[in-house]
Amino acid sequence: MTLPAPVEAVCTTFLSAVPEGLVSGLYLHGGLAFGEWVEGKSDVDFTATLACRASSDDVAALRAAHEIVAATHGDAPMLDGVHVLASDLARHPDECPDRPTVFMHTFEAAGRFSLSPVSWHELARHGVTVSGPPVESLGIWTDDDALRAHTIHNLDTYWRRHAEACAADPGGASVPFACEWVVPGVARLHHLLVTGEQTSKSRAARWGLSYYPERFRRVLHESLRIREGAAEPQYDDVLERGRDVAAFAAYVVEEGVSLPWRE
């Protein structure tokens, strides 16, 4: 695929900044892997494979490379991901040791960010090869049952807490970012549980327009409006928007965790 110019630029900066031979492959996943790129909103989710287990010097070089990326591109876009061995991708990510990660410009020499069944499955089925061997040749581990279990757990813990927080503070849930983040965030996970397929945030919200009860269509449209900058505001009262964000999140969490096993 042809990468959006900001994506190509941030990847080029990173690859130019790392020592020659350290990074054996650079692969993208997340929304971009589904053809979704929202200027000013999307980040670049990556997995980089290393030629060998990173030494302390290698970790320092990776840290320096990401500092150059941050200094060059700022938040437009951010480059978030993990640096692994290709062999790490052949097994369940829970079996992968801590690896160098970066998220929102914060580098960790040994972290867990992006070491999840979600990332592995996106890479295996939709990954974009920027450099190195084709992503299809890496033999990336997949297991639909494990992905489903991980997704249900994520809904029942992480997103349930956020749904409860939104309900407790509709004012906080009324801010544009909450609507843009929570509504497609829970819909994206529910989409996988219903259809068996991963998707992007905006695609999940559009799917939800025809899947969820009519009472949630307005907040779904609003999430797309905020995310993509199109159409007119759906709410005159932002507190009402916050209450709808909370109600939608709570509904999707309960629906998702109670779904019967998909045959």
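About the criteria used
- Residues numbered from 1 in each chain as written.
- Predicted model: local features only at pLDDT ≥ 70, side-chain atom pairs only at ≥ 80, totals over all residues.
- Heavy atoms only, no water.
- Buried < 20%, exposed > 50% of the residue type's maximum accessible area, 1.4 Å probe, protein only.
- Helix = DSSP H or I, 4+ residues; strand = E, 2+ residues; numbered from the N terminus.
- Pairing = 2+ DSSP bridges.
- Salt bridge = Lys/Arg side-chain N within 4 Å of Asp/Glu carboxyl O.
- Phe/Tyr/Trp six-rings, centres within 6.5 Å; stacked < 30°, edge-to-face > 60°.
- Lys NZ or Arg CZ within 6 Å of the ring centre and 35° of its normal.
- Core = buried A, V, L, I, M, F, W, Y, C linked by side-chain atoms within 4.5 Å.
- Contact = heavy atoms within 4.5 Å.
- Axes fitted to C-alpha atoms, helices over the stretch in contact; angles between N-to-C directions.

*Asks:* Help me out: how do you make sense of the pairing of strand β1 (residues 23-29) in this one?
*Replies:* Successive side chains on a regular strand alternate, one facing one side of the sheet and the next facing the other. Burial analysis of β1 places 6 of its 7 residues in the buried class, the great majority of the element. Sheet analysis places β1 next to strand β2 (residues 44-50), joined by 6 bridges and oriented antiparallel. Residue pairing for β2: Tyr-27 is matched across the bridge by Thr-47. Bridging between β1 and strand β6 (residues 128-131) involves 3 bridges; their strand directions are antiparallel.

*Asks:* Would you take a moment to explain the pattern of salt bridges for this structure?
*Replies:* Opposite charge on two side chains lets them pair, provided their charged atoms get close. Scanning the model with the defined rule gives 15 salt bridges in all. Its salt-bridge partner being Glu-36, residue Arg-227 comes within 2.8 Å of it at the nearest N-O pair. Of this pair, Arg-227 sits in helix α8 (residues 217-228) while Glu-36 sits in the loop between β1 and β2, and the two are 191 residues apart along the sequence. Each member of the pair Arg-227 and Glu-36 is classed as buried. We note a salt bridge from Glu-180 to Lys-41, for which the minimum N-O separation is 3.2 Å. Separated by 139 residues along the polypeptide, Glu-180 in helix α6 (residues 176-195) and Lys-41 in the loop between β1 and β2 bring together distant segments of the chain. Residue class for Glu-180 comes out buried when judged on its relative accessible area of 11%.

*Asks:* Could you clarify how one ought to interpret the packing of aromatic side chains in this entry?
*Replies:* The way to describe two aromatic rings as a pair is by their centre distance and the angle between their planes. Under the counting rule described, the total for this entry stands at 13 aromatic pairs. Ring geometry for Tyr-158 and Trp-159: centres 5.2 Å apart, planes at 90°, overall edge-to-face. A residue is classified by how much of its surface remains accessible, and Trp-159, at 6% relative accessible area, is buried. Taking the centre distance of 5.2 Å and the plane angle of 85° together, the rings of Tyr-211 and Tyr-212 count as edge-to-face. Among the aromatic side chains, those forming a connected cluster through ring pairs are Trp-207, Tyr-211, Tyr-212, Phe-216, Phe-248 and Tyr-251. Arg-215 extends its terminal NZ or CZ atom over the ring of Tyr-251, reaching a point 5.3 Å from the ring centre.

*Asks:* Would you take a moment to explain the environment of Arg-215 for this structure?
*Replies:* Inspection of the secondary structure puts Arg-215 in the loop between α7 (201-211) and α8. For Arg-215, a relative accessible area of 55% translates into the label exposed. Each C-alpha atom, one on Arg-215 and one on Ala-65, is 48 Å from the other, the two residues being 150 residues apart in sequence.

*Asks:* Just checking my understanding: could you explain the nonpolar core for this structure?
*Replies:* Within soluble globular proteins, side chains that are nonpolar generally end up buried alongside one another. Grouped together as the largest cluster of nonpolar side chains are 31 residues, with contacts concentrated most on Tyr-212, Val-219, Leu-220 and Phe-248. Sorting the residues of this core by element identifies α4 (144-168), α6, α7, α8 and α9 (238-257) as the ones contributing at least two each. Counting residues per element, this core draws most heavily on α6, which supplies 8 residues. In this structure Leu-220 touches Val-183, Ala-205, Gly-208, Leu-209, Tyr-212 and Phe-248, once residues within four positions along its chain are discounted.

*Asks:* Sorry, what's going on with unusual backbone geometry here?
*Replies:* Excluding glycine, residues mostly carry a negative phi; peptide bonds, for their part, are mostly trans. Following Ala-76, the chain continues into Pro-77 via a peptide bond in cis, with omega recorded as -5°. With a phi angle near 70°, His-105 is a residue other than glycine that sits in the positive phi range. For Ser-114, which is not glycine, the phi dihedral falls at a positive 75°. Along the polypeptide, Ser-114 turns up in the loop between β5 (106-111) and α3 (117-126).

*Asks:* Please clarify how the sheet that holds β1 should be interpreted in this entry.
*Replies:* Whether parallel or antiparallel, the strands of a sheet pair through hydrogen bonds between backbone atoms. In space, the 6 strands of this open sheet follow the order β5-β4-β3-β2-β1-β6, with mixed pairing throughout. For this open sheet the edge positions go to β5 and β6, each flanked by a neighbour on one side alone. Averaged over neighbouring strand pairs, the angle between their axes works out to 20° when direction is ignored. Of the strands in this sheet, β1, β2 and β6 touch α3, which is tilted by about 95° from β1.

These values are about where atoms sit, not about what they do.
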